[in-house]
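These are the residues of each chain, in order.
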Amino acid sequence: MSHVLGLELRREAPPLLGPLLSPFPLAGSWRSQMLRSDHRFPITNSTGAPRKAAGKMNILAPVRRDRVLTELPQYLRKEAALHVHKDFHPRVTCACQEHRTGTVGRFKISKVIVVGDLSVGKTCLINRFCKDTFDKNYKATIGVDFEMERFEVLGVPFSLQLWDTAGQERFKCIASTYYRGAQAIIIVFNLNDVTSLEHTKQWLADALKENDPSSVLLFLVGSKKDLSTPAQYMLMEKDALKVAQEMKTVQRLPSPEAVCHLYSPRAQ
Ligand SMILES: Nc1nc2c(ncn2[C@@H]2O[C@H](COP(=O)(O)OP(=O)(O)OP(=O)(O)O)[C@@H](O)[C@H]2O)c(=O)[nH]1
């Protein structure tokens, strides 16, 4: 199961990530950190004993069933859609089927960074997505954390790297070194804390220092919906949509991708 893979990855990151990341020039933060370090990560089994060297080792677990998309989900609102087509371009499908994906290689990997104020719910959002869990106890992220989710989209293997960054000021410096090479930025704010919404502009500005605004996808996500009253929620939604619009205009982001999602990992 891919959420297990996420945990496994942390223990055995370099051997697994090596072949995954090598064809992808942008997802370099983790890799370059590892390349810079002198550590050697032994390949071990669950008991910690080294695995036998096998001729060929199938290290990837099958893609989780709910991560196999046989058709692209249709958008609910066109203005909030990442794609408006029903299928890949025939040339893309053909190239994938014939393994002619060139420099992209066998795997397509996208890097997503999740940023936002302290305790807004970034880790919970990722955990709900990757492990379908929710922890009500707060444990601050130190520096960065990392999850990997594998998909199969219209028969094409696809992996998502999710980088969970710390919201605490003292870790900002470490976390920001992992911003580079993101294809998507998720900025989280707390629906019950207007200051966290105001701070999203600064989080975006910092993340865009390391990324190309013309190609990055942006999501503004409001968390802790279960803790707000309908009246509070309506007000906040209005403000959040305004901020999302402002972000698009100020940062000249490509239009439909700056979208506002309002979310609660508890309520789902
Ligand atoms: N009620 C409720 N609590 C939430 C929700 N999302 C997160 N929390 C709680 O808020 C606290 C902080 O959540 P985290 O996900 O750790 O926050 P974070 O943004 O990762 O925090 P940092 O790592 O410090 O940046 C935890 O106690 C969570 O249980 C939500 O949607 N509803």
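Residues numbered from 1 in each chain as written. Predicted model: local features only at pLDDT ≥ 70, side-chain atom pairs only at ≥ 80, totals over all residues. Heavy atoms only, no water.

Engineer: Could you give me a rundown of the side chain of Gln 168, with the residues and numbers involved?
Structural biologist: Mapped onto the fold, Gln 168 is located in the loop between β4 (156-165) and α6 (172-176). For Gln 168, a relative accessible area of 17% translates into the label buried. Of the polar contacts made by the side chain of Gln 168, one reaches the side chain of Arg 170; its length is 2.8 Å. Setting aside residues up to four positions removed in sequence, Gln 168 forms contacts with Leu 118, Tyr 138 and Ala 140. (Helix = DSSP H or I, 4+ residues; strand = E, 2+ residues; numbered from the N terminus. Buried < 20%, exposed > 50% of the residue type's maximum accessible area, 1.4 Å probe, protein only. Polar contact = N/O pair within 3.5 Å; in protein donor to acceptor, adjacent residues only side chain to side chain. Contact = heavy atoms within 4.5 Å.)

Engineer: Outline helix α5 (residues 122-131), listing residues and values.
Structural biologist: Taken across its 10 residues, α5 has 7 buried, putting it largely inside the fold. What α5 keeps buried is the set Lys 122, Cys 124, Leu 125, Ile 126, Asn 127, Arg 128 and Cys 130. Asp 132 sits one or two positions beyond α5 and adopts a positive phi of about 55 degrees.

Engineer: A description of the pairing of strand β3 (residues 144-153) should follow, citing residues and the corresponding values.
Structural biologist: Summarising burial for β3: 7 of the 10 residues are buried, a large majority. Alignment of strand β1 (residues 68-69) against β3, held across 2 bridges, turns out to be parallel. Bridge assignment links Leu 69 to a residue of β3, and that residue is Val 153. Examined bridge by bridge, β3 and β4 share 10 bridges and lie antiparallel to one another. In the sheet register, Phe 151 faces β4, and the bridge partner there is Phe 158. Hairpin remark: β3 followed by β4, antiparallel, with 2 residues in the connecting loop; positive phi at Leu 154, about 50 degrees. (Pairing = 2+ DSSP bridges.)

Engineer: Explain the side chain of Ser 196 residue by residue, including any values.
Structural biologist: For Ser 196, the position within the fold is in helix α7 (residues 194-198). In this view, Ser 196 contacts Asp 117, Val 120, Phe 189 and Asn 190; residues no more than four positions away in its chain are not counted.

Engineer: Give me the lowdown on the confidence of the model for the protein, citing residues and values where you can.
Structural biologist: For the protein, per-residue confidence averages 71 on the pLDDT scale, and 62% of positions sit at 70 or higher. By mean pLDDT, helix α1 (residues 2-11) is the weakest element of the protein at 28, and α7 is the strongest at 95. Per-residue pLDDT stays below 50 along residues 1-55; that stretch engages in 78 contacts with residues further than four places along the chain or on separate chains. Low confidence marks residues 254-260, where pLDDT is under 50. Its contacts with residues over four positions away, or in another chain, come to 24 contacts. Complex prediction metrics read pTM 0.72 and ipTM 0.99. (pLDDT = per-residue confidence, 0-100.)

Engineer: Explain the packing of aromatic side chains residue by residue, including any values.
Structural biologist: This structure, assessed with the given rule, holds 4 aromatic pairs. Consider the rings of Phe 146 and Trp 163, whose centres lie 4.6 Å apart with planes at 75 degrees: the pair is edge-to-face. Separated by 17 residues along the polypeptide, Phe 146 in strand β3 and Trp 163 in strand β4 bring together distant segments of the chain. In this structure an aromatic cluster arises from ring pairing among Phe 129, Phe 151 and Phe 158. Note that Lys 111 overlies the ring of Trp 163, its terminal NZ or CZ placed 5.1 Å from the centroid. The aromatic ring of Trp 203 is capped on one face by Lys 172, whose charged end is 4.5 Å from the ring centroid. (Phe/Tyr/Trp six-rings, centres within 6.5 Å; stacked < 30°, edge-to-face > 60°. Lys NZ or Arg CZ within 6 Å of the ring centre and 35° of its normal.)

Engineer: Give me the lowdown on the environment of Gln 97, citing residues and values where you can.
Structural biologist: Looking at where Gln 97 falls in the secondary structure, it is placed in helix α4 (residues 90-97). A relative accessible area of 58% means that Gln 97 is categorised as exposed. In sequence terms Gln 97 and Met 148 are 51 residues apart; their C-alpha atoms lie 24 Å from each other.

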